[in-house]
Amino acid sequence: MTNRRLAIAGLALVAALGLAGCGPNDDKAKSGAGATAAGKATEAAADNLDPAAELGAAAKKLGEQSMRIKMDMAGAISMTGVADPKAGVAQMAMDMGALSKDTTIEVRKVDQDVYMKFSGQMGKMIGGSNGGKPWMHVDAAKIADGSSFKLPKDDPAGSKAMIAAMTKVERVGEHGFKGLLDPTKMPQYNKESLKALGTKATAMPFTAKTDDQGRLVEITLDMSGISPGAGEMKTTYSDFGTPVTVEAPPAAQVGELPKELSGLLNA
């Protein structure tokens, strides 16, 4: 059960942070952005721009500034936080809600150091494994590539994989997009387990919105194909340029992540 809850928490982190980096087909994205900046692109040309490249360029912009992030998964899980991709810092507070009574998870990332604090029911289940200290520390280099908790500086939570997993992207109006995402193409998740759920799990519908500066400001994933009743997961990005300061917890409150729990982060 703990594995399942951490996996769900990881998926939420991916949705919230997973687009703050470079998208696929960077040459096309750079070309479109450069033409716009130079005033060479007309409105008609913009309409003809590959929607996938345009969305990739919008996601890439999230790696250029600090921001505030808010996520809600059908009222079951909620998360708020801030991130500064260039500085390599992030701080997220997640409420697991109905999935685990009174459980909250706080994650801080400072350069290559990742700190996690579990409270409530889940905290009681795993809290005694590191000497009773409230915070667990792990070197980001020791977290497997593709893990939702790695949060690499240049690609927080695997944004490149998430963008690459989009199998269909269509434009909806001036600032809207819709399409399909295939989680089996993302290293975070067990491909065989997802395939066992059927075609809906490999064709997850999403919608997205950009602002007038071409930045991704909202993405909504339809999770019902993975778990009946899961509903939608909506993530918003706002307050671009907001000051972000993240500090490591006091050393006396930190213990190393026990080896027996390391597999949970890589699940």
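Residues numbered from 1 in each chain as written. Predicted model: local features only at pLDDT ≥ 70, side-chain atom pairs only at ≥ 80, totals over all residues. Heavy atoms only, no water.

A. Highlighting the pattern of salt bridges. All chains considered together, the criterion is met by 6 salt bridges. Between Arg68 and Asp239 there is a salt bridge, with the nearest N and O atoms lying 3.1 Å from each other. Note that Arg68 is positioned in strand β1 (residues 67-73) and Asp239 in the loop between β11 (232-238) and β12 (254-256), a separation of 171 residues in sequence. Overall, the relative accessible area of 37% leaves Arg68 in the partly exposed class. Arg108 is the partner of Glu106 in a salt bridge, and the nearest nitrogen-oxygen pair spans 3.0 Å. Using a relative accessible area of 17% as the deciding quantity, one classes Arg108 as buried. (Salt bridge = Lys/Arg side-chain N within 4 Å of Asp/Glu carboxyl O. Helix = DSSP H or I, 4+ residues; strand = E, 2+ residues; numbered from the N terminus. Buried < 20%, exposed > 50% of the residue type's maximum accessible area, 1.4 Å probe, protein only.)

B. Spatial organisation of the sheet that holds strand β7 (residues 166-172). Sheet architecture is open: 12 strands sit in the order β7-β8-β9-β10-β11-β1-β2-β3-β4-β5-β6-β12, paired in mixed fashion. The open sheet has two free edges, formed respectively by β7 and β12, since each of these has just one partner strand. Each strand axis lies, on average, 20° off the axis of its neighbour in the sheet, ignoring direction. The pairing of strand β9 (residues 204-210) with strand β10 (residues 216-222) spans 5 bridges and is antiparallel. Residue pairing across strands places Thr210 opposite Leu216, the latter belonging to β10. Helix-sheet contacts for helix α4 (residues 51-60) involve β7, β8 (176-181), β9 and β10, and the interaxial angle to β7 is about 90°. (Pairing = 2+ DSSP bridges. Axes fitted to C-alpha atoms, helices over the stretch in contact; angles between N-to-C directions. Contact = heavy atoms within 4.5 Å.)

C. Main features of the nonpolar core. By size, the foremost hydrophobic cluster in this structure holds 44 residues, and its most contacted members are Leu55, Met166 and Phe206. Take this core: its biggest share by element is 4 residues, from β1. (Core = buried A, V, L, I, M, F, W, Y, C linked by side-chain atoms within 4.5 Å.)

D. Local environment of the environment of Lys61. Residue placement: Lys61 occurs in the loop between α4 and β1. We classify Lys61 as partly exposed; its relative accessible area is 26%. For the pair formed by Lys61 and Arg215, sequence separation is 154 residues and the distance between their alpha carbons is 5.7 Å. Those residues in contact with Lys61, other than ones at most four positions away along the chain, are Gln213, Gly214 and Arg215.

E. Here's a closer look at the side chain of Ser66. Counting through the fold element by element, Ser66 comes out in the loop between α4 and β1. A polar contact of 2.5 Å, which involves the side chain of Ser66, links it to the backbone oxygen of Thr242. With residues near it in sequence (within four places) discarded, Ser66 still touches Ala83, Asp84, Pro85, Asp239, Phe240, Gly241, Thr242 and Val244. (Polar contact = N/O pair within 3.5 Å; in protein donor to acceptor, adjacent residues only side chain to side chain.)

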